[in-house]
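Residues per chain are reported as follows:
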Amino acid sequence: MNQNAFGKIRATTILAIKKNGKAVMAGDGQVSLGDTIMKQKATKVRYMFKDRVLVGFAGAAADAFNLFERLEAKLETYNGNLTRAAVELAKDWRTDKILRRLEALVLAMDKEHIFIISGTGDVIEPDESVAAIGSGGPFALAAAQALVRHSDLDADAIAREGMKIAASICVYTNEEVVLHELEPEE
């Protein structure tokens, strides 16, 4: 299927939140091709490295899976050090001729860090304990930041509300939310 026949593939809101020792990541399930909803319940968030890292993607799914595999290999190489793995992935992504063409963003978190990783070599750790990517990312981010600052809701509830608000605004985001939480350290 020619992508140009339908327009740009858009598909995602991914939201990560750390609050009061909890770390959660949520992703919506909608995959759109142009103006058509192709899928309602896609999974865009997954665990990595012994369930100590959560990763979500926005962009082309095949590209994202390639990046997931590479990030997972970096996490193995650096014994779960997300900061080092993210930087090394961004270096490879920016300098490799084939990887440079991948169209995706990656949101990765562990108990200490949240990173947005891009193909331009960016590894961005937000100032606050909230980050979001995708077409509905700005809406989910704004809602979650307000709720973190001005409510007593826990991270799960904030993620669900942020995603619900994004879905009410962004046509490329739905309310079929998958939420994963990193288990507390024992």
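Structural data are supplied above this passage.
First things first, this report covers the structure right here in the doc. Everything quoted here is computed from the prediction, not taken from an experiment.

The rules behind these values
- Residues numbered from 1 in each chain as written.
- Predicted model: local features only at pLDDT ≥ 70, side-chain atom pairs only at ≥ 80, totals over all residues.
- Heavy atoms only, no water.
- Helix = DSSP H or I, 4+ residues; strand = E, 2+ residues; numbered from the N terminus.
- Expected span 1.5 Å × (residues − 1).
- Buried < 20%, exposed > 50% of the residue type's maximum accessible area, 1.4 Å probe, protein only.
- Contact = heavy atoms within 4.5 Å.
- Polar contact = N/O pair within 3.5 Å; in protein donor to acceptor, adjacent residues only side chain to side chain.
- Pairing = 2+ DSSP bridges.
- Core = buried A, V, L, I, M, F, W, Y, C linked by side-chain atoms within 4.5 Å.
- Phe/Tyr/Trp six-rings, centres within 6.5 Å; stacked < 30°, edge-to-face > 60°.

### What about helix 3 (residues 82-95)?
Thought 1: Here helix 3 spans 20 Å end to end across 14 residues, near enough to the 20 Å set by a 1.5 Å rise per residue.
Thought 2: Those residues of helix 3 not exposed but buried are Leu-82, Ala-85, Ala-86, Glu-88, Leu-89, Ala-90 and Trp-93.
Thought 3: On its buried face, helix 3 is in contact with strand 7 (53-59), helix 2 (61-77), strand 8 (104-109), strand 9 (114-117) and strand 10 (123-124).
Thought 4: Between the side-chain oxygen at the start of helix 3 and the backbone nitrogen of Thr-83 there is a gap of 3.2 Å, and the oxygen is on Asn-81.

### Observations regarding the side chain of Lys-74
Thought 1: Tracing the chain through its elements places Lys-74 in helix 2.
Thought 2: Every residue in contact with Lys-74, bar those within four places of it in the chain, is listed here: Ala-85, Glu-88, Leu-89 and Asp-92.

### What to know about the sheet that holds strand 8
Thought 1: Taken together, the 5 strands give an open sheet; going across it, the order is 6-7-8-9-10, and neighbouring strands pair in antiparallel fashion. The open sheet is flanked by strand 6 (45-48) and strand 10, the only strands paired with a single partner.
Thought 2: Examined bridge by bridge, strand 6 and strand 7 share 4 bridges and lie antiparallel to one another. Its bridge partner lying in strand 7, Tyr-47 is registered against Leu-54.

### Comments concerning the nonpolar core
Thought 1: Formed by 21 residues in total, the largest nonpolar core has its most connected members in Met-48, Val-53, Val-55, Leu-71, Leu-75, Val-106 and Ile-117.
Thought 2: At the level of elements, strand 7, helix 2, helix 3, strand 8 and strand 9 are the ones that each hand at least two residues to this core.
Thought 3: Per element, the largest residue contribution to this core is 6 residues, and it comes from helix 3.
Thought 4: The residues touching Leu-71, leaving out its near neighbours within four places in the chain, are Met-48, Val-55, Ala-85, Ala-86, Leu-89, Val-106 and Ala-108.
Thought 5: Judged by nonpolar contacts, the second largest core, of 15 residues, contains Ala-140, Ala-155, Ala-159 and Met-163.

### Considering the packing of aromatic side chains
Thought 1: All told, the structure shown has 3 aromatic pairs when counted by the stated rule.
Thought 2: Centroid distance Phe-57 to Phe-68: 5.6 Å. Interplanar angle 75°. Geometry classified as edge-to-face. A residue pair is termed long-range when its members are at least 10 positions apart, and Phe-57 in strand 7 and Phe-68 in helix 2 qualify at 11 residues.
Thought 3: For Phe-57, a relative accessible area of 5% corresponds to the buried category.
Thought 4: Ring geometry for Phe-65 against Phe-68: centres 6.2 Å apart, planes inclined by 75°, an arrangement best described as edge-to-face. Of this pair, Phe-65 and Phe-68 are both found in helix 2, 3 residues apart, which corresponds to roughly one turn of the helix.
Thought 5: Classification of Phe-65 as partly exposed rests on a relative accessible area of 40%.

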